[in-house]
Amino acid sequence: VSDTSKHFLNELPGTVAVITSDGRMIVGTLKGFDQTINLILDESHERVFSSSQGVEQVVLGLYIVRGDNVAVIGEIDEETDSALDLGNIRAEPLNSVVH
């Protein structure tokens, strides 16, 4: 196991963004994961993007994402994220992953 992997296993990164294979973006506090990348997120919400209105945040709470549905996971800089004006962000929703 690499040093980076050991660090990740010992200290979960905190707030993460998960892009699912069906194009959803879920943001929450990473509480745990297993060998198949099943994720446990706490205080989570889905960010729903629209080209005509701001980003809607749908509260999910404690949430499990199945590993086979995870396309991308990344750590969120909480200071930068809290400075975003999500109400003024316009974007097309993501498409599903095509295999």
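Residues numbered from 1 in each chain as written. Predicted model: local features only at pLDDT ≥ 70, side-chain atom pairs only at ≥ 80, totals over all residues. Heavy atoms only, no water.

Q: Explain the overall build of the chain to me, please; I cannot follow it from the model alone.
A: Across its full length, the chain carries 2 helices and 5 strands. Ordered by position from the N terminus, the helices and strands of the chain form the series α-β-β-β-β-β-α. Considering the chain as a whole, with its 99 residues, one finds that 30% of them fall into the buried category. Look at the contacts in the chain between residues 6 or more apart in sequence, and 49% of them connect residues 24 or more apart. (Helix = DSSP H or I, 4+ residues; strand = E, 2+ residues; numbered from the N terminus. Buried < 20%, exposed > 50% of the residue type's maximum accessible area, 1.4 Å probe, protein only. Contact = heavy atoms within 4.5 Å.)

Q: So what exactly am I meant to see when it comes to the sheet that holds strand 5 (residues 70-75) here?
A: For sheets, the rule is that strands pair by backbone hydrogen bonds, running either parallel or antiparallel. An order of 4-3-2-1-5 is seen for the 5 strands of this open sheet, with the pairing classed as antiparallel. The open sheet has two free edges, formed respectively by strand 4 (56-65) and strand 5, since each of these has just one partner strand. Sheet twist, expressed as the average angle between the axes of neighbouring strands with direction ignored, equals 25°. Here 8 bridges tie strand 3 (residues 39-48) to strand 4, and the two strands are oriented antiparallel to one another. Directly across from Val 48, in strand 4, lies its bridge partner Glu 56. (Pairing = 2+ DSSP bridges. Axes fitted to C-alpha atoms, helices over the stretch in contact; angles between N-to-C directions.)

Q: Sorry, what's going on with the pattern of salt bridges here?
A: Oppositely charged side chains may form a pair once their charged atoms are brought near each other. Applying the stated criterion across every chain, the model contains 3 salt bridges. We note a salt bridge from Arg 24 to Glu 46, for which the minimum N-O separation is 3.2 Å. Of the two residues, Arg 24 is situated in the loop between strand 1 (15-20) and strand 2 (25-33) and Glu 46 in strand 3; the sequence distance between them amounts to 22 residues. Owing to a relative accessible area of 22%, Arg 24 belongs among the partly exposed residues under this scheme. (Salt bridge = Lys/Arg side-chain N within 4 Å of Asp/Glu carboxyl O.)

Q: Quick question: what am I supposed to make of the environment of Ser 51 here?
A: Considering the arrangement of structural elements, one finds Ser 51 in the loop between strand 3 and strand 4. Classification of Ser 51 as partly exposed rests on a relative accessible area of 45%. Here the alpha-carbon distance between Ser 51 and Arg 90, two residues 39 residues apart in the chain, equals 4.8 Å. Apart from residues lying up to four places away in sequence, Ser 51 is in contact with Arg 90, Ala 91 and Glu 92. Within the local environment of Ser 51, its side chain forms a polar contact with the side chain of Glu 92, the two groups lying 3.2 Å apart. (Polar contact = N/O pair within 3.5 Å; in protein donor to acceptor, adjacent residues only side chain to side chain.)

Q: How should I be thinking about the pairing of strand 2 in this particular structure?
A: Here is the key point about a regular strand: its side chains alternate between the two faces of the sheet. Sheet analysis places strand 1 next to strand 2, joined by 5 bridges and oriented antiparallel. In the sheet register, Ile 19 faces strand 2, and the bridge partner there is Met 25. Counting the residues in the hairpin turn of strand 1 and strand 2 gives 4 residues, including Gly 23, whose phi is positive at 90°. One ladder, built from 7 bridges, connects strand 2 with strand 3; its direction is antiparallel. Looking at the pairing, Leu 30 lines up with Leu 41 of strand 3. Where strand 2 folds back onto strand 3 in an antiparallel hairpin, the turn is made up of 5 residues, including Ile 37, whose phi is positive at roughly 65°.

No statement about biological role is implied by the geometric values presented.
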